[in-house]
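Below, each chain spelled out in residue letters.
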Amino acid sequence: MGGKLDCKIKERKNERGFTLLESLVAVAILTTGISTAAFLVIQSIQTGNKIQKRIVAAHLAQEGVEVIRNIRDSNWLSGSNWTANINTVGIAGCVDYDDPSIDMSCAVGRNLLFNGSRYVYDSQPSSFSRTASTTLLNIGAPDEKLLVEVNVSCGANCNVKLNEYLYDWK
């Protein structure tokens, strides 16, 4: 019996556990994998926030164009000149769909804050601000048109600019 017991003891001596070096390498690989995954998650969240801001800015820019289009259409309905209440020399101002004209007193743009249902101008800090300018081109010609330029700032290194032409097609 002694021979079998000696054989099993020798087998166990050959079956050693992980060495300290192997354990450190395994921990290093695991740490690298987890930190890489965490970095990717953080980058994805930051990119998602930037994209969300740009989408809101694009919609705010489109709303600015629509406000000016609404002023033009209101002029037609009232029988006025199609560019009445629209500054046509390219000076920037603020536009809001509640106003029948462009507010030229805010050439640098005022802050736009979400009030629960829509974005409104406010004096509180915000990452969004909007200005619009209009320039009448080809004055008196059959192809007279109004260049509308809307700029929306959505924070650091985030700006959206939208240009559109409006015509007196009525």
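All of the points below concern the structure found in this document. This is a predicted model, so every value here is computed, not measured.

## Quick look at the packing of aromatic side chains
Tallied over the full model, the rule gives two aromatic pairs. Relative to Tyr 119, the ring of Phe 114 has its centre 5.2 Å away and its plane inclined at 55 degrees; by these criteria the two rings are tilted. With a centroid separation of 5.6 Å and 75 degrees between ring planes, the pair formed by Tyr 119 and Phe 128 is classed as edge-to-face. Since its relative accessible area comes to 21%, Tyr 119 is described here as partly exposed.

## Details of the environment of Cys 106
Secondary-structure assignment places Cys 106 in the loop between helix 2 (20-78) and strand 1 (110-114). As a C-alpha pair, Cys 106 and Val 95 span 11 residues in sequence and 9.6 Å in three-dimensional space. When neighbours within four sequence positions are excluded, Cys 106 is seen to be in contact with Gly 93, Cys 94 and Thr 131.

## Considerations on the nonpolar core
Among the nonpolar cores identified, the biggest contains 28 residues, and Ile 68, Phe 128, Leu 146, Val 148 and Val 150 are the most heavily contacted of them. Counting only elements with at least two residues in this core, the list comes to helix 2, strand 3 (128-137), strand 4 (145-153) and strand 5 (159-167). Per-element tally for this core: the top contributor is helix 2, with nine residues.

## Thoughts on the side chain of Arg 130
Within the element layout of this structure, Arg 130 appears in strand 3. A residue is classified by how much of its surface remains accessible, and Arg 130, at 1% relative accessible area, is buried. There is a polar contact of 2.8 Å between the side chain of Arg 130 and the backbone oxygen of Leu 60. Here the side chain of Arg 130 touches Val 95 through a polar contact of 2.8 Å, landing on its backbone oxygen.

## Digging into the pairing of strand 1
Here three bridges tie strand 1 to strand 3, and the two strands are oriented antiparallel to one another. Bridge assignment links Leu 112 to a residue of strand 3, and that residue is Phe 128. Inspection of the sheet shows strand 1 paired to strand 2 (residues 119-122) by four bridges, in the antiparallel sense. Each residue of the ladder has a partner; that of Phe 114, found in strand 2, is Tyr 119. Counting the residues between successive antiparallel strands, the hairpin from strand 1 to strand 2 contains four residues, one of them, Gly 116, with a positive phi of roughly 110 degrees.

## Here's the deal with a nonpolar patch on the surface
A cluster of nonpolar side chains, namely Leu 21, Val 25 and Ile 29, defines an oily patch on the protein surface of about 310 Å² accessible area. A relative accessible area of 62% means that Leu 21 is categorised as exposed.

## Re helix 2
Because an α-helix completes one turn every 3.6 residues, residues spaced three or four positions apart along the sequence face the same direction. Taking 1.5 Å as the rise per residue, helix 2 with 59 residues should run 87 Å; its terminal C-alpha atoms sit 87 Å apart, in good agreement. Just downstream of helix 2, Gly 79 is the residue with a positive phi angle, here 85 degrees.

## Topic: the sheet that holds strand 1
Sheets are built from strands that pair by backbone hydrogen bonding, the pairs being arranged parallel or antiparallel. Strand order across the open sheet formed by five strands is 2-1-3-4-5, with antiparallel pairing between neighbours. Looking at which strands have only one partner, the edges of the open sheet turn out to be strand 2 and strand 5. On average, adjacent strands in this sheet sit at an angle of 35 degrees to one another, irrespective of strand direction. The sheet strands contacting helix 2 are strand 1, strand 2, strand 3, strand 4 and strand 5, and the helix crosses strand 5 at an angle near 25 degrees.

## A word on the pattern of salt bridges
Applying the stated criterion across every chain yields a total of six salt bridges. Residue Asp 73 pairs with Arg 72 through a salt bridge whose shortest N-O separation is 3.0 Å. Residues Arg 118 and Asp 96 are paired through a salt bridge, measuring 3.8 Å at the closest nitrogen-oxygen approach. Taken together, the residues span a long stretch of sequence, with Arg 118 in the loop between strand 1 and strand 2 and Asp 96 in the loop between helix 2 and strand 1 at a distance of 22 residues. For Asp 96, a relative accessible area of 12% gives the class buried.

Cut-offs used in this document
- Residues numbered from 1 in each chain as written.
- Predicted model: local features only at pLDDT ≥ 70, side-chain atom pairs only at ≥ 80, totals over all residues.
- Heavy atoms only, no water.
- Phe/Tyr/Trp six-rings, centres within 6.5 Å; stacked < 30°, edge-to-face > 60°.
- Buried < 20%, exposed > 50% of the residue type's maximum accessible area, 1.4 Å probe, protein only.
- Helix = DSSP H or I, 4+ residues; strand = E, 2+ residues; numbered from the N terminus.
- Contact = heavy atoms within 4.5 Å.
- Core = buried A, V, L, I, M, F, W, Y, C linked by side-chain atoms within 4.5 Å.
- Polar contact = N/O pair within 3.5 Å; in protein donor to acceptor, adjacent residues only side chain to side chain.
- Pairing = 2+ DSSP bridges.
- Patch = residues over 30% accessible without salt bridge, like charges linked within 9 Å, V, L, I, M, F, W, Y side chains within 5 Å.
- Areas by Shrake-Rupley, 256 points an atom, 1.4 Å probe, with all protein chains shown as cover.
- Salt bridge = Lys/Arg side-chain N within 4 Å of Asp/Glu carboxyl O.
- Expected span 1.5 Å × (residues − 1).
- Axes fitted to C-alpha atoms, helices over the stretch in contact; angles between N-to-C directions.

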